[in-house]
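One-letter residues, chain by chain:
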Amino acid sequence: MTQVAGRRRVPRGGSRVRWAVAGLAAAAAMLALPQPVHAAAEPEAAGVVIVGVPGLKWSDIDEADTPNLWDLADEGASAAMSVRTLGSWTCPEAGWVSLGAGERAGGVAPRDAQCSAQSSLPAPADTGDGWTVEGWDAFVEANSAFNYGARLGSLADALAQAALAQEAAAAEAEADGEPVPEANPGSCVAAVGDGAALAAADTEGRIAYWAPGLESLADAMAACDVVIVDPGVVVGDTADNAPDTTTDYDQLGEDDTEVGTEETSGAEDAGEIEPETDPVRTAAARQADAAVAQVREALPEDWRLIVAGVSDAAAPSSLHPVLYTGPGIAPGELTSSTTGRDGYVQLTDLTATALAVVGADIPATVAGAPVTVRPDAGHTAAAAVAKGTDETAAAAAVADVSPNFYWTLSFVGVAVMFVAAHFVAGSDRLRRTSRTICIAFSTVPVAGVAAGIPPWWRADHPKLAFWALIVAGMVVLTAAASLPWTRTGARPVLLIAGVCAGLIAVDQISGATWPLHTPMGYTAQAGARFTGLGNYAFSVFAAAVLLLVCFIPWRGRARVWGPLALGVCAVVIVGAPMLGRDMGGTLTLVAAGILCCLKLWGRRLSIGSLALAGGIAFTVFAVGGILDYLRPEEDQTHLGRFVGSVLDGSAQLILVRKARAALGTVDESMAFISFAALIAAVLIWRRRAPIRTDPVAAAVVGLTAVAVIGGLVNDSGMAIPGFTAALGFGLLAAAVGPRPAAPVPAPEPAARTPAAT
């Protein structure tokens, strides 16, 4: 590629460049430090009862049909819960096993779309000395094949360890002649109902106490401090409402998806969504409500109660309610450190919460964290149910429009990549049209982010409303980039890249959740991410920032400090624990930013430059991970736990899982635009090489680094280069401009004819 402007080097900036790179690395290293998480050290209540109701949704909670659930939503704290385990939806068997493991786990029965096989759970066997789950070895063997490393029975084992610790403390006190502390005989998990047996079993499949029905609830609470109840009802729709009840989907949906939603903008408007009633579903919800009434009647005053929809009843997946009441629980919203967002928790958080309530240590095998309450004086059941229903509808709407959005973006993008190649290196025909097409297509991801501002999922036709917003955003941005004072040179690039980076930056700083209700965000029901910056939004944000770094007309010393300041701000937005919280994105942006800036400053990239960028990125990851690992196990984040898995040799499970997820994207929609961008880049290189200006060369290096490094270190795989190309390729082509016309040779002067004599 060529550009009219000439090549310029930074005057006498060698030491300045080194200090600039060091400053960027130091800022990124500081941002790698995770936020502290504090687990409870003392018992918060005498005990806790967890009532799991597979299939229960927010729309099932009604003041007339389910008065007890309505009362719990009114007097306690609540949240929408992701029940994501190993597949794209979770059947009851997998939900119960995951509750006992505190980690994503799967069942052994075939997982059909109606969850019929995994809803029929056998009772545990009575051994005479207790109870045991029949076929427990099959559960352990099945989960050993998955890459989450779930340790089934972690909940029961953690309480058993607490009992052993009490015995050891008593023996030590007696040996020292000190008062012997009274041991707690209730450090165990009791189960009521068949499904609850899977959650209450220890690592060997044994259950401390089991009873088939709620008439034995008082005995269960007398035996153990943690009681799990399965009322024996699945709240589902009429049998013919779910698709394809014969296909086994066990191997589908194991990778974490990025699309989706978070909380909505205002509970007062959420009541606009009126789900259709189903008599079968309503009857099941009433039956579950009657069971909750029995539990409430038998519950001691110093015990807490959690009612949760612990699984889906059928495909597709959904968000489910969690209602939490008891001593010390104020009305409001629930949250946890695993989600980082008020009003959202995960299924595995219930495991950690049960342990925290009774003062037991939370082992590293439990991936969840104890829930905390955000008190709200204006909390009511009506507002909680309305908001939960709206959140569920938003997540479902995003999941519905996402496939069409990705396939449309990718297939149209394939054509646009070659239009961009024609514009940069082709003939003179249709140049203005080609440039407009490149700019218009680059606005699609930006419009996708902005589409989350209005509540489009509440429209009568959500798909139509969503696409109307996308088209409107494209028209507005393309028109703005075509004005007389914005359409020349790199100005369209600066405009669109600036709007994109600005939107995402404002969202992250303000917590506005704009990208979360569109396919550019991430869905809470998938449980991959609940806050911060998702992989797709990161891709377009990084591309926009690097284009700004390269094409802002820096002057003098600002050519060093301007890109450095912009890069540090971008790293803060991506990596800060209170903002983006994206470690993979931080590593990618640090490495790509260093390479981009070195090229922009006129430095020749070499093996040493690549080693510098990679070394700094690895240092950021290692320093943050080691510092996190040095904290207590119950306070560690996923980064510290990964370091621990490296030390104990189990890191391969995480790496294999992420590698499988990344490889699984090779044949998905965004892979096509990635391959098309690569082919188009080769065509341009063959016809327009070499690149002669530092800004263009730096932009090529930066965008390539984001695409390659981001695709390797994130489980979104080919989606990273796909979204990077969707925003960056067309804008870069517009900045480069068409190939200059070949100079027309001047005509040679005609030979003089001698005059006739």
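From a predicted model like this one, the values you see are computed outputs, not experimental measurements. (Residues numbered from 1 in each chain as written. Predicted model: local features only at pLDDT ≥ 70, side-chain atom pairs only at ≥ 80, totals over all residues. Heavy atoms only, no water.)

## Here we look at unusual backbone geometry
Formally: In this text, helices come from DSSP runs of H or I with a minimum length of four residues, and strands from runs of E with a minimum of two, each type numbered from the N-terminal end. Per-residue accessibility, obtained with a 1.4 Å probe over protein chains only, is compared with the maximum for each type, and a residue is labelled buried under 20%, exposed over 50%, and partly exposed between these values.
In this model, Ala315 is joined to Pro316 through a cis peptide bond whose omega is 0°. As for its placement among the helices and strands, Pro316 is situated in the loop between β9 (303-308) and β10 (320-325). The phi dihedral of Cys115 is positive, around 60°, even though this residue is not glycine. Mapped onto the elements of the fold, Cys115 is located in the loop between α3 (92-101) and α4 (116-119). Classification of Cys115 by relative accessible area gives buried; the value is 0%.

## Points about the environment of Ala611
Positionally, Ala611 belongs in helix α18 (residues 607-629). Along the sequence, Ala611 and Ala591 sit 20 residues apart, while their C-alpha atoms lie 9.8 Å from each other.

## Considerations on the state of the cysteines
Our working rule: Any two cysteine sulfur atoms within 2.5 Å of one another count as a disulfide.
In the structure shown here, the tally under the stated rule is 2 disulfides. The side chain of Cys91 participates in a disulfide bridge whose partner is Cys115; the two sulfur atoms lie 2.0 Å from each other. Residues Cys91 and Cys115 are joined through a disulfide that is left-handed, its torsion about the S-S bond being -75°. Pair noted here: Cys91 is in the loop between β2 (77-82) and α3 and Cys115 is in the loop between α3 and α4, with a separation of 24 residues, a long-range link. At a sulfur-sulfur separation of 2.0 Å, the disulfide partner of Cys188 is Cys224. Residues Cys188 and Cys224 are joined through a disulfide that is left-handed, its torsion about the S-S bond being -105°. You can see Cys188 sitting in the loop between α6 (154-175) and β5 (189-192) and its partner Cys224 sitting in the loop between α8 (217-223) and β8 (226-229), a full 36 residues away along the chain. Comparing Cys188 with Cys224, the two get one shared label, buried. When the bonded cysteines of the protein are counted from the start of the sequence, the pairing works out to 1-2, 3-4. Between Cys550, a cysteine without a disulfide, and Cys596, which holds the nearest cysteine sulfur, the sulfur-to-sulfur distance is 3.3 Å.

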